[in-house]
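Working through the structure, step by step
Here's the letter readout for the chains.
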Amino acid sequence: MDKALVGEMNIMDRSGHKQMKWNTDKLDEILAAKETFDTLIKEGYSAFGSKSKTEAKHSIREFDSTMEEMVIVPRTVGG
Amino acid sequence: MPILQETWRVVRRVLFRTNPPASARLQNGRAGNGSGRNNASLAARADGNRLRGFYEWVKEQMLEAQRDSELVMQEEMRKDRRAKRRALSLMMRLLSPDQRVEFRKYRHFHVVGGSSGNRYRIRAAAFANIDVVGSDGKVRHRLCAHPAGDVPVYDVMAAQMLHLQDPATEPRFLQRANIHPALSDDRARASSVWIV
């Protein structure tokens, strides 16, 4: 039997970042994480993720619950 | 503004109690000079006491407000430090082992552009902190683009790295970035921040 994974989403903000975790076995947690992801992407945030925490992150457009780690970055502005 | 309202209430109380109506003053004057003078001096002493009390009250209120604002400031600084520590831990997790070593040593790290192959040096600074490094190792120019909102400097650096190393996001990031002339090495070092 496969062991359930815990995915985490780090959302950057002024507190450093907020963390949201989901257990790949629990549908309600996955749905809550997906909803947050979709809302942030609609607001202009960018998402980067990887299947394992040690891998380099790459840009993603869709929520993937099998990813171990995601980083959500506020939209970029020129300075 | 409850403090102002309270102050105004006390001022009014002091003013109206210390100035008796004109008719009362007139009667006191007629009653004879000696007793009038005594009454006046008693009233003046009472006024003085009330004013002193009022002054002490205002001073106490001001000290309390000062203490409150110092506490708020300390709490803000604590929050700020906590945010920087959290951001630093996230950034360190996202860096490769080589980038981590470089950052610990020099307070900057290099990233290779995902689509352009350009070399970027991301420094711990608040403004125009990305140096575009040429093949000769010299800085050609600097870029300024960062995540919107008030995010800690290490979150800014992590976000810049994520955008630049990804082939899909690098071109969009470069389009948004403003270009600034290169700084001399001394000025670049001076503009770095290292606060945890």
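Whatever comes next refers back to the structure up there.
Residues numbered from 1 in each chain as written. Chains lettered and ligands numbered in written order. Predicted model: local features only at pLDDT ≥ 70, side-chain atom pairs only at ≥ 80, totals over all residues.

1. Focus: the overall build of chain B
- When its secondary structure is counted, chain B shows 7 helices and 5 strands.
- When the helices and strands of chain B are read in sequence order from the N terminus, they spell out α-α-α-α-β-β-β-β-α-α-β-α.
- Counting the 196 residues in chain B, one finds 24% classified as buried.
- Look at the contacts in chain B between residues 6 or more apart in sequence, and 58% of them connect residues 24 or more apart. (Helix = DSSP H or I, 4+ residues; strand = E, 2+ residues; numbered from the N terminus. Buried ≥ 20, exposed ≤ 12 C-beta atoms within 10 Å, placed from the backbone. Contact = placed C-beta atoms within 7 Å.)

2. A closer look at the overall build of chain A
- Scanning chain A from terminus to terminus reveals 1 helix and 6 strands.
- Ordered by position from the N terminus, the helices and strands of chain A form the series β-β-α-β-β-β-β.
- Taking 12 Å as the expected radius of gyration for a compact globule of 79 residues, we find that chain A reaches 13 Å, a close match to that expectation.
- Along the three orthogonal principal directions, the C-alpha set of chain A runs to about 50 × 25 × 25 Å.
- Taken over 79 residues, chain A has a buried fraction of 28%.
- Counted over contacts in chain A with a minimum sequence separation of 6, partners at least 24 positions apart contribute 38%. (Rg over C-alpha atoms; globule rule 2.2 N^0.38 Å.)

3. Here we look at the sheet that holds strand β2 (residues 16-23) of chain A
Residue and element names in this part refer to chain A.
- Overall, mixed pairing links the 5 strands, which are arranged β2-β1-β5-β3-β4 in an open sheet. Each of the sheet's edge strands pairs with one partner strand only, and the pair in question is β2 and β4 (58-60). Adjacent strand axes in the sheet meet at a mean angle of 30°, parallel and antiparallel pairs treated alike.
- Bridge count for strand β3 (residues 46-50) against β4 is 3 bridges, and the pairing is antiparallel. (Pairing = 2+ DSSP bridges. Axes fitted to C-alpha atoms, helices over the stretch in contact; angles between N-to-C directions.)

4. Considerations on the nonpolar core
Residues and elements named next belong to chain B.
- Judged by nonpolar contacts, the single largest core of 44 residues is most densely connected at M91, M157, A158 and M161.
- At 9 residues, the largest contribution of residues to this core is made by helix α5 (residues 153-165).
- Look past the residues within four positions of M161 in its chain and what remains in contact with it is L94, V111 and I122. (Core = buried A, V, L, I, M, F, W, Y, C linked by C-beta atoms within 7 Å.)

5. Concerning the pairing of β2(A)
- Examined bridge by bridge, strand β1 (residues 6-13) of chain A and β2(A) share 8 bridges and lie antiparallel to one another. Directly across from M12(A), in β2(A), lies its bridge partner H17(A).

6. Looking at α5(B)
- Across its 13 residues, α5(B) extends 18 Å between first and last C-alpha, which sits within 8% of the 18 Å expected from 1.5 Å per residue.
- Judged by how many residues are buried, α5(B) sits mostly within the fold: 13 of 13 residues are covered. (Expected span 1.5 Å × (residues − 1).)

7. Considerations on the interface of chain B and chain A
- If you look at the interface, chain B gives 29 residues, while chain A gives 21 residues.
- If you list the elements that add at least two residues to the side of chain B that touches chain A, you get α3 (33-94), β4 (139-147), α5 and α6 (170-176) of chain B.
- Here the side of chain B that touches chain A gets 6 residues from one element, more than from any other, and that element is α3(B).
- Class assignment for the residues of the side of chain B that touches chain A results in 17 nonpolar, 6 polar and 6 charged. (Nonpolar A, V, L, I, M, F, W, Y, C, P; charged D, E, K, R; others polar.)

8. Quick look at the environment of R13(B)
Residue and element names in this part refer to chain B.
- Residue placement: R13 occurs in helix α1 (residues 2-18).
- With 12 C-beta atoms counted inside 10 Å, the residue R13 sits in the exposed group.
- The sequence separation of R13 and R50 amounts to 37 residues, and the corresponding C-alpha distance is 9.7 Å.

9. Examining helix α1 (residues 27-42) of chain A
- If you check α1(A), its first and last C-alpha atoms are 22 Å apart, about what 16 residues at 1.5 Å a residue would give, namely 22 Å.
- One or two steps after α1(A), the chain reaches G44(A), where phi turns positive at roughly 105°.

10. A look at the pairing of β1(A)
Residue and element names in this part refer to chain A.
- What sits between β1 and β2 in their antiparallel hairpin is a turn of 2 residues.
- Here β1 pairs with strand β5 (residues 69-73) via 4 bridges, running parallel. Looking at β5, one finds that N10 is bridged to V71.

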